[in-house]
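Chain by chain, the residues:
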Amino acid sequence: MSDLLLELRAIEKSFGSVHVLHGVDLDVRRGEVIGLIGENGAGKSTLMNIVAGTLAPSAGTMAFEGRPAQLRSVRDGRAIGISFVHQELSTVGALSIAENIFLGDYRAGPGGFVNYKAIRTEAAQVLERVGLGHIDPRTELGRLRTGEQQLIEIAKAIVEKPRLLILDEPTSSLTPFEAERLFALMKELSDQGTGLILITHRLEEALANCSRIVVLRDGRLISDRASATTGREQLIHDMVGKEATFTYRGGERGPGEVRLKVEGLKDKGFLAPIDLEVRAGEVVGLFGLVGAGRTEFLETLYGARPRTAGSVTLDGAPVAISEVTDAVKAGLFMLPEGRKSRGILPTHSVERNISISHLGQLARHGFVPGGAEREAAARRAETLNIKMGSIRQPITSLSGGNQQKALFGRALLADPRILLLDEPTHGVDVGAKSEIYDIIHGLADQGLGIIVASSELPEIMALADRCVVFAGGRIAGILSRDQMSDDAILELAFSLEADAPGTGKAPAYAR
Amino acid sequence: MGGRVTRSLAQVFSHREASIALMILILFVALSFANEYFLSSRNLLNVGRQASVVAIVALGQALVIISRGLDLSVGSTLGLSAVSSAYVASVTGSQELALAAGLGAGLVVGVLNGLMVTRININPFIATLGMLSVARGVALLMTGGIPIPYTGWAQWLGAGRIGDVPFSLILLIVLVVVFHIFATRTRIGRNVYAIGDNPKAARLAGINIEGTRLLVYALCGMLAGLGGIILAGNLASASPDLGRGYELDVIAAVILGGAALSGGRGTMYGVLLGALLMALLSNAFVLLGISSHWQVVAKGLVIILAVGIDGLRRGRED
């Protein structure tokens, strides 16, 4: 028997018209630990979901242990020995640790009774292996820390004795000690012949613990290197590439007066005190890896998260923001990340999604004049070039890009002085993306101050006049347009994580 | 051509209000053949009067449900308002004060519900379940469990007629129109729908969620208070047990009328239709001389049927 475990050949994947994987080939041998890295949206998760059976490839073949494998579900994948531990927890907080580890099966005998004795003994053994030997398996899972719950997920996967184990960002919520323990476990599994794929944002982690590192970019496999012979700089270069899809065209705007001044903004313990200025006509990019604190900062500024300290000045006048309504009144408006969960009103029409934040200005004695509302919404829809049959159709019938444009319409109608955009082009196709960039530039030309938080470097490069890099809940550095380069930004973004691996927080600001 | 007609018919029936209207129509036609007394204006107006209290309270409940809340306390609020009003009438003799006391008691209960939900973040089901018990208990304490005779304005509200038309029915129609306009044309009404549709998005869009929810619970309490005065007036007596189990009829009317318990969906005329359907059903059982016990069964079946059709159509969501 060859020691080839997994063979992927020419894997393609499209969602509708969006092509996310282009002919990916990948081999994994028994006992090998592969690091899979790439920027957000590079296709890492999609590829691994195909391997695990969650998604079916649009084209290409997969073989497992020499036999062709056509997986139709996660269940199929698990049956042949492939386990995928996702970054998001899928544990049940109200059940015990032991019940979670054996979820759905419970080692039940005939008659369906849970074999508590068996699951407790086995759970205790596997807890020992993942470094949680000190915890009683009867403990209610919800009482564990997130990091510990993450380890329970891994325990859940290894009791099935998988031959290929995929871990998606397993260390993001672990302490350094827990992370070390996990790497020891991975070593142990690989010595026993298990293949492992580790998806990670932490380059040091990948270099130290993986035998090979595979880089994906824009759905293509860019490089496949032995970690012994490569380094950070090479990997960053592979991840970023050199082709810029969109060109920056901010330069001609002169910097205006300071419109927004944030001083010492702090939340309940994640954000270090943040200072930031935004000038009229300026687009400030906020870059950071997942969990760096970009979103937390924007939400705290916007009054959507409790703030513990700090002051905000708008056009020279201090404003008190303790609720979102205060922020909107003062002239801030935010388009949140997560269009579906936190942006659109799904059963409302396009028109009403656009007008919802404008009803206050439209209303006469509390009544909303229908004609004026329709006119205002229709005008925005037209200037933003929203493609739709009728403005009265449900917003959910539009494409993602057009939904996002409708949300821009909402923001414009609110007539803000400062616009906060969190991942404004997430899940949007290339055409709509470029239109959205034009909209953002156009608004800056009109003198708005704009903050764009993004985890996509090309987006920051295409939009920002200045880049603020977040890491571990604080500002790791601010780069002027001249200083901005992919490498410089990523260097800053990774800097704090290297200082404090595994905590996800910078300890420096703890007081 | 045929296809287009089918399609537009399908479109009409994609609104739950339409299926309820159809059910009402079928029942109406069937009953007019089954019993010659059914179509008499006296009987029809009576059906309207029977529907009126449930429908009036259901208007408030509908707003609460559209904003993704629930008020289980409306039955008890109704009882508490009735005895408060009757008590003030008997002590002061003032009709104005009595009316204010009834509405005020409902308002207070509604505001307390709203505060529990918005300030202390108690789940609406639990908060109003607690209030269901508290309000009923207070009503019993106030009266010692003994009904208070109640005449005056309330009696006219509950049993009076303008021409042949019961006053409570006229009041209902006026309130449906007013609340329809409130829900669809005012800023606050529109915010109620937005909050129920996606509370997180509504908050980030700058809508005052807490304030709007508080108002909605307050309105619901006040309408329950009005319902209590009408019901007590109709019976010329305010019993502390008045409105026991009413919350179920009220919620049923709202849900039958096309509102979704998950919020964001529902109309005021739908509520009217829901309440009418339930009143028609009880009328049918009386006219056809079937045991009223069957009526209880039928009411439950109609609710399950109406919501079930909708569930089948939408498919599974998880």
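About the thresholds
Residues numbered from 1 in each chain as written. Chains lettered and ligands numbered in written order. Predicted model: local features only at pLDDT ≥ 70, side-chain atom pairs only at ≥ 80, totals over all residues. Heavy atoms only, no water. Phe/Tyr/Trp six-rings, centres within 6.5 Å; stacked < 30°, edge-to-face > 60°. Helix = DSSP H or I, 4+ residues; strand = E, 2+ residues; numbered from the N terminus. Buried < 20%, exposed > 50% of the residue type's maximum accessible area, 1.4 Å probe, protein only. Contact = heavy atoms within 4.5 Å. Buried area = accessible area lost by both parts, 1.4 Å probe. Salt bridge = Lys/Arg side-chain N within 4 Å of Asp/Glu carboxyl O. Polar contact = N/O pair within 3.5 Å; in protein donor to acceptor, adjacent residues only side chain to side chain. Pairing = 2+ DSSP bridges. Axes fitted to C-alpha atoms, helices over the stretch in contact; angles between N-to-C directions. Domains from an automatic or database assignment.

Counted by the stated rule, this structure contains four aromatic pairs over all chains. Consider the rings of phenylalanine 297 of chain A and phenylalanine 470 of chain A, whose centres lie 5.7 Å apart with planes at 35°: the pair is tilted. A residue pair is termed long-range when its members are at least 10 positions apart, and phenylalanine 297 of chain A in helix α9 (residues 294-301) and phenylalanine 470 of chain A in strand β19 (residues 466-471) qualify at 173 residues. Its relative accessible area of 0% is what places phenylalanine 297 of chain A among the buried residues. Of the residues examined, phenylalanine 470 of chain A reaches a relative accessible area of 0% and is grouped as buried. When the centroid spacing of 5.1 Å and the interplanar angle of 75° are considered together, the rings of phenylalanine 28 of chain B and phenylalanine 38 of chain B count as edge-to-face. In this pair, phenylalanine 28 of chain B sits in helix α2 (residues 16-34) while phenylalanine 38 of chain B sits in the loop between α2 and α3 (41-66), placing the two residues 10 residues apart along the sequence. A relative accessible area of 30% means that phenylalanine 28 of chain B is categorised as partly exposed. Overall, phenylalanine 38 of chain B belongs to the buried group, its relative accessible area being 0%.

Taken together, the contact between chain B and chain A spans 21 residues of the former and 33 residues of the latter. Carbon and sulfur atoms supply 55% of the area buried between chain B and chain A, which totals about 2100 Å² over both sides. Taken as a group, Arg190, Asp197 and Leu204 of chain B account for 34% of the area that chain B buries against chain A, more than any other trio of residues on that side. Where chain B packs against chain A, one counts two salt bridges. Among the salt bridges present, the one from glutamate 323 of chain A reaches arginine 203 of chain B, with a minimum N-O distance of 3.7 Å. Inspection of the chain B/chain A interface yields 10 residue pairs in polar contact (both at pLDDT 80 or more).

Turning next to the sheet that holds strand β16 (residues 332-335) of chain A. Strand pairing within a sheet occurs via backbone hydrogen bonds; the two strands may be parallel or antiparallel. Residue and element names in this part refer to chain A. On the basis of which strands lie adjacent, the open sheet formed by six strands has the order β16-β17-β18-β13-β19-β20 and mixed pairing. Among the strands making up the open sheet, the edge pair consists of β16 and β20 (474-480). Strand-to-strand twist in this sheet, taken as the mean axis angle between neighbours without regard to direction, amounts to 20°. Pairing between strand β17 (residues 418-422) and strand β18 (residues 449-454): five bridges, direction parallel. For isoleucine 418, the partnering residue across the bridge sits in β18 and is glycine 449. The sheet contacts of helix α15 (residues 400-413) involve β16 and β17, and relative to β16 the element is tilted by about 170°.

On to the domain arrangement of chain A, then. Accessible area lost upon the coming together of the parts serves often as the stated size of an interface. Partitioning chain A into structural domains gives domain 1 (4-240) and domain 2 (258-509). If you average the C-alpha positions of domain 1 of chain A and of domain 2 of chain A, the two centres end up 33 Å apart.

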